[in-house]
Each structure stands twice: as C-alpha cells, then as structure tokens.
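Next come the chains, spelled out residue by residue.
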Amino acid sequence: FSYEICICCENLSLISILVYRRLGLVKKIVYNSMDYVELRFKNPILNYIYHLMDRLACKGSNVNWVGTKEQIIARKKSGFKLENYAKFEVIPNGYINEEIKISPADKINFYQLVFIGGVFKTTGLDLVVNSLPMLLKKIPKIRLIIIGKGGHESVLKNLVKKLKLKKYVRFL
C-alpha cells in the first residue's frame with residue numbers, strides 16, 4: 001500500500017507519519033494545525049516539547065494548513081522564520097462571511113441538487129438516486145450532481161444506469 005497524501009491534524013501524528021514518507025508509503029504530508037498558542041502548558045518543559053514538536057511538524061510537512069492568519073502571526077512572534085518551513089495556507093474551519101457572494105435569486109438553479117463528499121454506502125446517496133424517478137415526475141427539471149469519490153461510486157453508477165437516470169445524474 002501507498003498513499004498520495006496524508007493529512008495530520010496534530011503535530012505528534014505528523015511526526016509519526018514522517019517514517020512512512022521516508023519509506024515511500026506516503027508521498028505528501030499536510031499538517032493541519034487547528035490552533036497555536038504560545039503558552040500551551042504551564043509546565044515550561046512540556047511547553048518547550050510541544051513547541052519543538054510543532055516546529056518539527058511544520059518543517060516535515062509539505063504544506064501547513066492553519067485556521068486563521070493569527071496562527072501564522074503568533075508563530076512569527078515566537079521566532080519562526082517562515083522561509084525555513086513548508087508553506088503556510090489559511091484554511092478556515094467553516095466559512096468566512098465576507099467572502100461568500102450570494103447570487104441573486106434569478107441566477108440560482110433551484111432544480112440542481114449537489115452532493116459533495118465521500119461516495120460511500122453510509123452517505124445515503126442510494127436513497128437519493130432511488131427517489132429521483134418519483135421526484136422527476138413532480139419536478140422534471142431536477143438534476144443531481146455528485147462531487148466526490150469512494151468505494152460506493154460504481155454501485156451508484158450502476159444504479160443510475162439501471163434506473164435510466166444518466167441524463168439526470170452527473171458524477172464529477
């Protein structure tokens with residue numbers, strides 16, 4: 001087995017994955033640090049170890065994802081020379097209101113259903129696809145777009161074919 005990418009959500013998990021990259025089992029590592037504080041622990045030794053592990057993780061990753069710009073600023077204040085580490089990118093945990101542009105109602109396609117996520121049996125997409133023939137009788141303009149990959153994709157594609165829904169369902 002080998003993996004294209006591994007996303008690690010804390011420094012210790014990233015450090016443990018470095019061995020897998022060294023063995024060629026993981027090509028790229030993303031360090032997704034949800035927060036960063038100068039004083040993580042009151043105990044100075046634990047705090048030092050925590051920050052050392054964070055620096056190792058930032059250096060060992062191919063890219064560093066942070067939730068806010070403030071995390072980058074705090075690291076700089078603590079002595080990080082960003083040029084010595086993998087690139088930092090702000091990936092918000094949620095959305096930023098100011099960056100969402102709501103389209104006018106006359107520009108929205110209210111007949112388009114979009115699923116974004118892993119295509120697995122547990123996501124309930126079978127139910128949606130099986131419901132489409134009934135929905136199409138009432139709402140002929142309805143369409144389903146499935147954006148994602150997963151182990152259940154071929155089963156869903158076969159179901160779409162069996163129910164003759166190919167012109168109503170797109171897989172991206």
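Please read these numbers as outputs of a predicted model, since none were measured by experiment.

A. Here's a closer look at the packing of aromatic side chains. The tally for this structure, following the rule as stated, stands at four aromatic pairs. On the basis of an interplanar angle of 80° and a centroid distance of 6.2 Å, the ring pair of Phe41 and Tyr50 is categorised as edge-to-face. Tyr50 sits in the buried class, given a relative accessible area of 12%. The interplanar angle of 70° and the centroid separation of 6.4 Å between the aromatic rings of Phe80 and Phe88 together place this pair among those described as edge-to-face. Of the aromatic side chains, those joined through ring pairs into one cluster are Tyr36, Phe80, Tyr85 and Phe88. Over the aromatic face of Phe80 sits the side chain of Arg75, whose NZ or CZ is 5.8 Å from the ring centroid.

B. View of the pattern of salt bridges. Applying the stated rule across the entire model yields six salt bridges. Between Arg75 and Asp54 there is a salt bridge, with its nearest N and O atoms 2.9 Å apart. Of this pair, Arg75 sits in helix 3 (residues 69–77) while Asp54 sits in helix 2 (residues 44–60), placing them 21 residues apart in sequence. Considered together, Arg75 and Asp54 belong to a single accessibility category, that of buried residues. For the salt bridge of Glu153 with Lys157, the shortest nitrogen-to-oxygen distance reads 3.2 Å.

C. Representation of helix 4 (residues 125–138) within the structure. Here helix 4 contains 14 residues, and its C-alpha end-to-end distance of 20 Å stays within 8% of the 20 Å for a straight helix at 1.5 Å per residue. Where helix 4 bends most, the angle comes to about 40°, and this point is Leu132, followed within four residues by the proline Pro133. Among the residues of helix 4, those classed as buried are Leu125, Val129, Leu132 and Leu136. The inward-facing, buried residues of helix 4 contact strand 5 (112–116), strand 6 (143–147), helix 5 (153–162) and strand 7 (169–171).

D. Local environment of the sheet that holds strand 5. One open sheet holds the three strands; their spatial order is 5-6-7, and the pairing between them is parallel. The outermost strands of the open sheet, each flanked by one partner alone, are strand 5 and strand 7. Going across the sheet, the axis of each strand differs from the next one's by a mean of 15°, ignoring polarity. Relative to strand 7, strand 6 runs parallel, the two being bridged by three bridges. Residue Leu144 lies in a different strand from strand 7, and its bridge partner there is Val169.

E. Geometry of the side chain of His152. With respect to the helices and strands, His152 occurs in the loop between strand 6 and helix 5. If we ignore the near neighbours within four places in the chain, the residues touching His152 are Val119, Phe120, Lys121 and Asp126.

F. Geometry of the environment of Lys28. Its location among the elements puts Lys28 in strand 2 (residues 26–33). Judged by its relative accessible area of 48%, Lys28 falls in the partly exposed class. With 51 residues separating them along the chain, Lys28 and Gly79 place their C-alpha atoms 26 Å apart. Lys28 has contacts with Glu4, Ile5, Cys6 and Asn62, leaving out every residue within four places of it along the chain.

Analysis parameters
- Here the residue numbers are simple positions, counted from 1 along each chain's written sequence.
- It should be noted that, the model being predicted, local features are given only for residues of pLDDT at least 70 and side-chain atom pairs only at 80 or more, the latter also being counted only at that level, while totals for whole chains, interfaces and linings use all residues.
- Derived side-chain values reflect all non-hydrogen atoms in the structure, with water molecules and hydrogen atoms excluded from consideration.
- To pair, rings of Phe, Tyr and Trp, with the six-membered ring standing in for Trp, must have centres within 6.5 Å; the planes then decide the type, stacked if under 30 degrees apart, edge-to-face if over 60, and tilted in the middle.
- Exposed residues in this analysis have more than 50% of their type's maximum accessible area, buried residues have under 20%, and partly exposed residues fall in between, with area computed by a 1.4 Å probe over protein chains only.
- Lysine NZ or arginine CZ positioned within 6 Å of the ring centre and within 35 degrees of the ring normal marks a charge as sitting over the ring.
- By definition here, a salt bridge exists when the distance from a side-chain nitrogen of Lys or Arg to a carboxyl oxygen of Asp or Glu is within 4 Å.
- Each helix is a run of DSSP H or I of at least 4 residues and each strand a run of E of at least 2, with the numbering of both proceeding from the N terminus.
- Between the first and last residue of a helix there are one fewer steps than residues, each counted as 1.5 Å, and that sum is the expected span.
- Fitting axes to the seven residues that end at a residue and to the seven that start at it, the angle between those axes gives the bend at that residue.
- By the convention used here, residues are in contact when the closest approach between their heavy atoms is within 4.5 Å.
- Whether two strands pair comes down to DSSP finding at least two bridges between them.
- Axis angles are defined between N-to-C directions and span 0 to 180 degrees, where every axis is a line fitted to C-alpha atoms and, for a helix, only to the segment in contact.

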